[in-house]
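Given next are the chains, with one letter for each unit.
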Amino acid sequence: MQGSFSYYNPTRLHFGEDALASLKEELGNFGENVMLVYGKGSIKQNGIYDQIIAILKDCGKRIFEDSGVMPNPTLDKVREGCRLAKANAIDLILAVGGGSCCDYAKAVSASTYCEEDPWEKYFLKGEAVANRIIPIGCVLTMAGTGSEMNGGSVITDSKTHLKVGRVFEAEVFPKFSILNPVFTFTLPKNQMVAGCFDIMSHLLEQYFSDMDDNTSDYLIEGLLRSLIHSSKVAVKDPRNYEARSNIMWIATWALNTLVAKGKTTDWMVHMIGHSISGYTDATHGMTLAAVSLPYYRHILPYGLAKFKRYAMNVWNVSPEGKTDEQIAQEGLATMEAFMRELGLVMSIKDLGVTPEMFEGIARGTFILKGGYKVLTHEEIINLLKESFV
Ligand code: NZQ
Ligand code: ZN
């Protein structure tokens, strides 16, 4: 059954090897003062920075640089960015980087003119944005989060270890995003595969909920099959344009709000993963990889028919002579083999988690109700123990 919904996505995408050529035209839609947001320097090493600066200057923009955005961007950094944006009457925030830069830009966009505490109002309470919003644009250099075409903004308060994801309204989505798959070629292998698994996890979080016949699930299965194929190619041949461009495009579709329409969604792997990052600052995709299999094996009995379908339609498991349980388990075993082939982190021990953190991580995990089993605090502790191998 396809549930009821409204669908609107305001982000204009420019995709392909020449996509950056569209930046000039896009910049014409905004005022003079541009805040250039980027991370810790990869864009300077791979030459993207120089290309962007040249275009901004050519368009007569005044450039205000805001660099040093860290993976898992922090609340302190967001507050600093808001001060910079306000002091310079910024007309456009241009985020150049991965999901962290893009998420950070959204947080600054919504928070700069907020007269209350934006962390409390927008991230902890999830209230609607009523103040002026600074438009943002994105030049993506890493495929994974889907932040280039959604309202997601995930920010960490390092004092409380709380990593909170806010989904902003359409006005905060990037006005445009530029996706050149070649820009992702310089990613280190561990980041590339973490991105691939992040994409897989987004698809699974939206797949493992509901049991009825829903078109979204067919779309997800197709995206997963393409992702699995292209990830295997990219691991062996990172400069393979076909594979890298497929991965970039799948990432956008995995989390640009389309495939969640008309169904409930789970997101518990992300909730546990976020809490792990809140304590360890570990790479997002790797936190998901480390908890996914213990979680899915745990909830399998509650969603057996869907896990069987997943095994057959995504992993080509043959059902002949097997019970439903055996088919479903074989699907997860095949997924595990794929994850090992990619070289993903499979244990939270390797992410810097210690047993002393279990209690805090479990407490910092937001418990959602859209999956096959609503987890208890004790179940989360048990999952952490299972991943601590
Ligand atoms: O700091 P820089 O120099 O930019 O280096 C980055 C960073 O070290 C590097 N990198 C990016 N592009 C590169 C590159 N290095 C070489 N060549 C390139 N082309 O990669 C590292 C990771 O970058 P980051 O932006 O942190 O990665 P990602 O895109 O995975 O973003 C992760 C953040 O997004 C959040 C995560 O929780 C995490 O905070 N998420 C956002 C979502 C959303 N907006 O919807 C959903 C996701 O589930 C996720 O939670
Ligand atoms: Zn994710």
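Residues numbered from 1 in each chain as written. Chains lettered and ligands numbered in written order. Predicted model: local features only at pLDDT ≥ 70, side-chain atom pairs only at ≥ 80, totals over all residues. Heavy atoms only, no water.

Things to note about the pattern of salt bridges
A full pass over the atoms with the stated rule returns 18 salt bridges. The residue Arg166 makes a salt bridge to Glu169 at a minimum N-O spacing of 2.9 Å. Given the relative accessible area of 7%, Arg166 is considered buried. When salt bridges with common partners are traced through the structure, they connect Asp66, Lys77 and Glu80 into a single cluster. (Salt bridge = Lys/Arg side-chain N within 4 Å of Asp/Glu carboxyl O. Buried < 20%, exposed > 50% of the residue type's maximum accessible area, 1.4 Å probe, protein only.)

Structural notes on the packing of aromatic side chains
Going through the model one piece at a time under the given rule, you end up with 18 aromatic pairs. Following the ring pairs from residue to residue traces out a cluster consisting of Tyr207, Phe208, Tyr295, Tyr296, Phe307, Tyr310, Trp315, Phe338 and Tyr372. Against the face of Tyr218 rests Arg309, its NZ or CZ located 4.6 Å from the ring centre. Note that Lys373 overlies the ring of Tyr302, its terminal NZ or CZ placed 5.9 Å from the centroid. (Phe/Tyr/Trp six-rings, centres within 6.5 Å; stacked < 30°, edge-to-face > 60°. Lys NZ or Arg CZ within 6 Å of the ring centre and 35° of its normal.)

Digging into the site of ligand 1
Near ligand 1 lie 31 residues; those nearest to it are Lys40, Gly99, Ser100, Asp103 and Thr186. Contacts to ligand 1 include Gly41, whose backbone N or O atom sits 3.2 Å from an oxygen atom. The separation between an oxygen atom of ligand 1 and a polar side-chain atom of Asn72 is 3.4 Å. When ligand 1 sits alone it has 960 Å² of accessible area, and the protein chains cover 90% of it. Every element with two or more residues in the shell around ligand 1 is listed here: helix H5 (99-111), strand E6 (152-157), helix H7 (189-207) and helix H10 (268-280). Residue composition of the shell around ligand 1, by class: 8 nonpolar, 19 polar and 4 charged. No fewer than three residues from each of domain 1 (12-183) and domain 2 (189-387) sit in the shell around ligand 1. (Near = heavy atom within 4 Å. Polar contact = N/O pair within 3.5 Å; in protein donor to acceptor, adjacent residues only side chain to side chain. Areas by Shrake-Rupley, 256 points an atom, 1.4 Å probe, with all protein chains shown as cover. Helix = DSSP H or I, 4+ residues; strand = E, 2+ residues; numbered from the N terminus. Nonpolar A, V, L, I, M, F, W, Y, C, P; charged D, E, K, R; others polar. Domains from an automatic or database assignment.)

Some remarks on helix H3 (residues 48-58)
Residues that lie three or four places apart on an α-helix share one face, since the helix turns once every 3.6 residues. Every buried residue belonging to H3 is among Ile48, Tyr49, Ile52, Ile53, Ile55 and Leu56, and all of these are buried. End-on, the buried residues of H3 take up no more than an arc of 165°, which puts them together on one face. When the buried face of H3 is taken as reference, the exposed residues oriented beyond 90 degrees from it are Asp50, Lys57 and Asp58. On its buried face, H3 is in contact with helix H1 (23-27), strand E2 (33-38), helix H2 (42-45), strand E3 (62-66), strand E4 (92-97) and strand E5 (136-140). A positive phi of about 75° marks Gly60, the residue just after H3. (Arc of directions from axis to C-beta. Contact = heavy atoms within 4.5 Å.)

With respect to the nonpolar core
Residues Tyr296, Tyr310 and Met335 are the most contacted members of the largest nonpolar core, which totals 74 residues. Viewed by domain, this core spans two of them, domain 1 (12-183) and domain 2 (189-387), each represented by three or more residues. In this structure, Tyr296 is in contact with Leu204, Glu205, Phe208, Val269, Phe307, Leu332 and Met335, ignoring residues within four places of it in sequence. (Core = buried A, V, L, I, M, F, W, Y, C linked by side-chain atoms within 4.5 Å.)

What about the coordination of the zinc ion (ligand 2)?
Distances from the zinc ion (ligand 2) to its protein donors, namely Asp198 (OD), His202 (NE2), His270 (NE2) and His284 (NE2), fall within the range 1.9 to 2.2 Å. Read in sequence order, the donor residues coordinating the zinc ion (ligand 2) give the pattern D-x3-H-x67-H-x13-H. Here His284 lies in helix H11 (residues 284-299) and His202 lies in helix H7, a separation of 82 residues in the sequence. We classify His202 as buried; its relative accessible area is 3%. (Donors = N, O, S within 2.8 Å, 3.2 Å for Na, K, Ca; no water.)

Quick look at the side chain of Lys163
Mapped onto the elements, Lys163 comes out in strand E7 (residues 162-167). For the buried Lys163, which has no salt bridge, the nearest side chain bearing the opposite charge is Asp281, at an N-O separation of 7.1 Å. At 2.7 Å, the side chain of Lys163 and the side chain of Asn72 are in polar contact. Not counting the four nearest positions on each side in its chain, Lys163 is found in contact with Asn72, Val154, Ile155, Thr156, His274, Ser277, Gly278, His284 and Phe366. (Lys, Arg positive; Asp, Glu negative; His and termini not counted.)

Structural notes on the packing of H7 against H10
Viewed as axis vectors pointing N to C, H7 and H10 meet at an angle of 135°, and their least axial separation amounts to 9 Å. Between H7 and H10, the angle falls in the class oblique. Contact residues: Asp198, Ser201, His202 and Glu205 in H7; Met268, Val269 and His270 in H10. Of the residues in the contact of H7 with H10, the class split is 2 nonpolar, 3 polar and 2 charged. (Axes fitted to C-alpha atoms, helices over the stretch in contact; angles between N-to-C directions. Parallel < 35°, antiparallel > 145°, perpendicular 65-115°, else oblique.)

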